[in-house]
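What follows is each chain in one-letter form.
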Amino acid sequence: MGPLIVSADARHLVYESGKPFFYLADTAWELLHRLDRDATSIYLHDRATKGFTVIQTVILAEHEYSRPNADGFLPLVDNDPAHPTDGYFAHVDWAVHEMNSLGLYAGLLPTWGDKWNTLWGAGPEIFTPENAFTYGHFLGERYHHADVIWILGGDRPIESDLHRAITNAMAAGIRHGDGGRGLITFHPPGQRCSSEWFHDAPWLNFNMAQTGHKRDRDNYTTIAADYARIPVKPCIDAEPGYEDHPNDFDASKGYLNDYDVRKAAYWSVFSGACGHTYGCHPIWQFAQRGWSPVTHPQHEWLEAKDLPGASQVQHLRHLVESRSPLKGIPDQSLIVGNSGNSGEHIAAMRADDGSYAFAYSPIGATVTVNMNLLPCGRYDVSWMDPRTGGFCIAGHVDATATVNFTPPTTGDGQDWVLVLDRATT
């Protein structure tokens, strides 16, 4: 596939040829630690079939870190980042190659954050700036020919100069090892953004947010804030609410579902994100017998891989890619009146030349659009069903005055995407 770069306008990710790349990731944090090759192949083939483009996973995992992988290897000799274990990294090599062969970029976290900031979790803290550079260089050099996106951080904040120095040193080591081939970003803790600590860092190619696992979290506000930052950098919600995750970590409040997944995805992309990360609670931990469950998973991973949200997020990717992705810009001014709060928020985007416009209505509410903001002419009107990717044709309208558009159905769970296409294009 080749390396990815940031687009000329610094809003998108693209291939070196300039072809747009839609970052659609699945969260597979414990993949390299818990699954053997046969199970890994089942998972990766499933995700490739469902239209994902990135797999986010961790080399030094968080949970049961002291337990060997399926091949019987720990990742480091005596927990020393300067001395990786050959057997463990042979499995990482294979997994990265398997991802790439299926058209998936490996979104690799060199380590989970508890290995440099045990604010919570088991740790142990094993990194210094010196061994972080050595470890980063080892990784960058080992995978410099692979299709990799490097994700530093790992769900922990920067709380000291030492934390910052470790992160900067690891980034420098990767850059020295891979010659600058792979993009680098930073995965923050819940309700935080990489921009908070590293927006101006020259190694940070794009920003990540984690808006977390609570129903109707306003990730559109988070993405809009990062989108507005100077200097301009692409941004993404890399950890929204996971499908089948206890709402706000409390099972008594119910579990997030595919509807929650869709809302987070369309809100973030229509607010300016260059893609989106899906997550499923039993999948990220690969819940199965023999491993300790984390935060009350309801299913084992083999069953959970077919939950509906995992198939539905590809419809967002296909919609964006079917038009001119590099022209897309968020534009809430298209929505007349209050765009709604919490779970009723209507998010809108358009092409910078007015050739198309999208608006996401999470409860099937009427969308009132100021058509005067689009170039004069006739627009084809349709509604996309984000559950199926299917379209309902709804006629034509001229780009004059204010127009009300009413979705085919309304109510909780009846979300729709208004699609306006300029007839001349």
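For the structure given in this document, a descriptive report is provided here. All of these numbers come straight from a predicted model, not from anything done at the bench. (Residues numbered from 1 in each chain as written. Predicted model: local features only at pLDDT ≥ 70, side-chain atom pairs only at ≥ 80, totals over all residues. Heavy atoms only, no water.)

1. Describing the pattern of salt bridges
Counted under the stated rule, the structure contains 29 salt bridges. Between Glu 64 and Arg 67 there is a salt bridge, with the nearest N and O atoms lying 3.3 Å from each other. Residue classification places Arg 67 among the partly exposed residues on the basis of a relative accessible area of 31%. Between Asp 114 and Lys 115 there is a salt bridge whose closest N-O contact spans 2.8 Å. As far as burial versus exposure is concerned, Asp 114 and Lys 115 are alike and both buried. (Salt bridge = Lys/Arg side-chain N within 4 Å of Asp/Glu carboxyl O. Buried < 20%, exposed > 50% of the residue type's maximum accessible area, 1.4 Å probe, protein only.)

2. Considering helix α11 (residues 308–322)
The α-helix winds at 3.6 residues per turn, so residues separated by three or four positions along the chain end up facing the same way. A rise of 1.5 Å per residue sets the reference length of α11, with its 15 residues, at 21 Å; its end C-alpha atoms lie 22 Å apart and thus fit the reference within 8%. Looking at α11, one finds that the buried residues are Gly 309, Ala 310, Gln 312, Val 313, Gln 314, His 315, Leu 316, Arg 317, Leu 319 and Val 320. (Helix = DSSP H or I, 4+ residues; strand = E, 2+ residues; numbered from the N terminus. Expected span 1.5 Å × (residues − 1).)

3. What about the sheet that holds strand β2 (residues 13–15)?
Spatially, the three strands line up as an open sheet ordered β1-β2-β3, and their pairing is antiparallel. Here the strands that pair on one side only, and so sit at the sheet edges, are β1 (4–6) and β3 (20–21). With two bridges joining them, β2 and β3 adopt antiparallel strand pairing. Counted as the bridge partner of Val 14 is Pro 20 from β3. (Pairing = 2+ DSSP bridges.)

4. Description of the packing of aromatic side chains
Scanning the entire structure with this criterion turns up 20 aromatic pairs. Geometrically, the ring pair formed by Tyr 143 and Trp 150 is tilted, given 6.4 Å between the ring centres and 55° between the ring planes. In terms of burial, Tyr 143 and Trp 150 fall into one category: buried. Plain terms: the ring middles of Tyr 220 and Trp 267 are 5.1 Å apart, the flat faces sit at 75° to each other, and that makes the pair edge-to-face. Of the two residues, Tyr 220 sits in helix α7 (residues 219–227) while Trp 267 sits in helix α8 (residues 258–270), which places them 47 residues apart along the sequence. The pair Tyr 220 / Trp 267 is uniform in exposure class, with both members buried. (Phe/Tyr/Trp six-rings, centres within 6.5 Å; stacked < 30°, edge-to-face > 60°.)

5. What to know about the environment of Asn 79
Mapped onto the elements, Asn 79 comes out in the loop between β5 (54–58) and α3 (86–101). On a C-alpha basis, the gap between Asn 79 and Glu 125 in space is 9.5 Å, while along the polypeptide they are 46 residues apart. Apart from the residues lying within four places of it in its own chain, the contact partners of Asn 79 are Tyr 65, Pro 124 and Ile 126. A polar side-chain atom of Asn 79 sits 3.0 Å from a polar atom in the side chain of Tyr 65. (Contact = heavy atoms within 4.5 Å. Polar contact = N/O pair within 3.5 Å; in protein donor to acceptor, adjacent residues only side chain to side chain.)

6. Digging into the side chain of Asn 219
Here Asn 219 lies in helix α7. Asn 219 gets classed as buried once you look at its relative accessible area, which sits at 1%. Those residues within four positions of Asn 219 in sequence are excluded, and the remaining contacts are Thr 211, Asp 237, Ala 264, Trp 267, Ser 268 and His 276.

7. Quick word on the side chain of His 91
Relative to the helices and strands, His 91 is located in helix α3. Judged by relative accessible area, which is 3%, His 91 ranks as buried. In contact with His 91, other than residues within four places in its own chain, are Leu 32, Leu 35, Asp 36, Arg 37, Thr 40, Asn 69 and Asp 71.

8. Here's the deal with helix α5 (residues 161–178)
Between its first and last C-alpha atoms α5 spans 26 Å; for 18 residues at 1.5 Å apiece the expected length is 26 Å, and the two agree. Within the span of α5, buried status applies to His 163, Ile 166, Thr 167, Ala 169, Met 170, Ala 171, Gly 173, Ile 174, Gly 177 and Asp 178. Elements in contact with the buried residues of α5: α4 (129–142), β7 (148–153), β8 (184–187) and α6 (195–198). Gly 179 sits one or two residues past α5 and shows a positive phi near 70°.

9. Re the sheet that holds strand β14 (residues 347–351)
One open sheet holds the six strands; their spatial order is β13-β14-β15-β20-β17-β18, and the pairing between them is antiparallel. Two strands close off the open sheet at either side, each with one partner strand: β13 (328–330) and β18 (391–398). Taken pair by pair, the neighbouring strands of this sheet meet at an average axis angle of 20°, ignoring direction. The sheet contact formed by strand β17 (residues 378–384) and β18 spans six bridges and is antiparallel. Across the sheet, the residue bridging to Arg 378 is Asp 398, located in β18. Set on the sheet, α8 makes contact with β13, β14, β15 (356–361), β17 and β20 (416–422); between it and β15 the angle comes to about 145°. (Axes fitted to C-alpha atoms, helices over the stretch in contact; angles between N-to-C directions.)

10. Observations regarding the packing of α8 against α11
Two elements in contact, α8 and α11, have axes whose closest approach is 9 Å; the angle formed by their N-to-C orientations is 25°. Relative to α11, the element α8 lies roughly parallel. As α8 packs across α11, the resulting crossing turns out to be right-handed. Listed contacts from α11 to Asp 258, Val 261, Arg 262, Ala 265, Tyr 266, Val 269 and Phe 270 of α8 are Pro 308, Gly 309, Gln 312, Val 313, His 315, Leu 316, Leu 319 and Val 320. Residue composition of the contact of α8 with α11, by class: ten nonpolar, three polar and two charged. (Parallel < 35°, antiparallel > 145°, perpendicular 65-115°, else oblique. Left-handed = near helix turned anticlockwise from the far one by under 90°. Nonpolar A, V, L, I, M, F, W, Y, C, P; charged D, E, K, R; others polar.)

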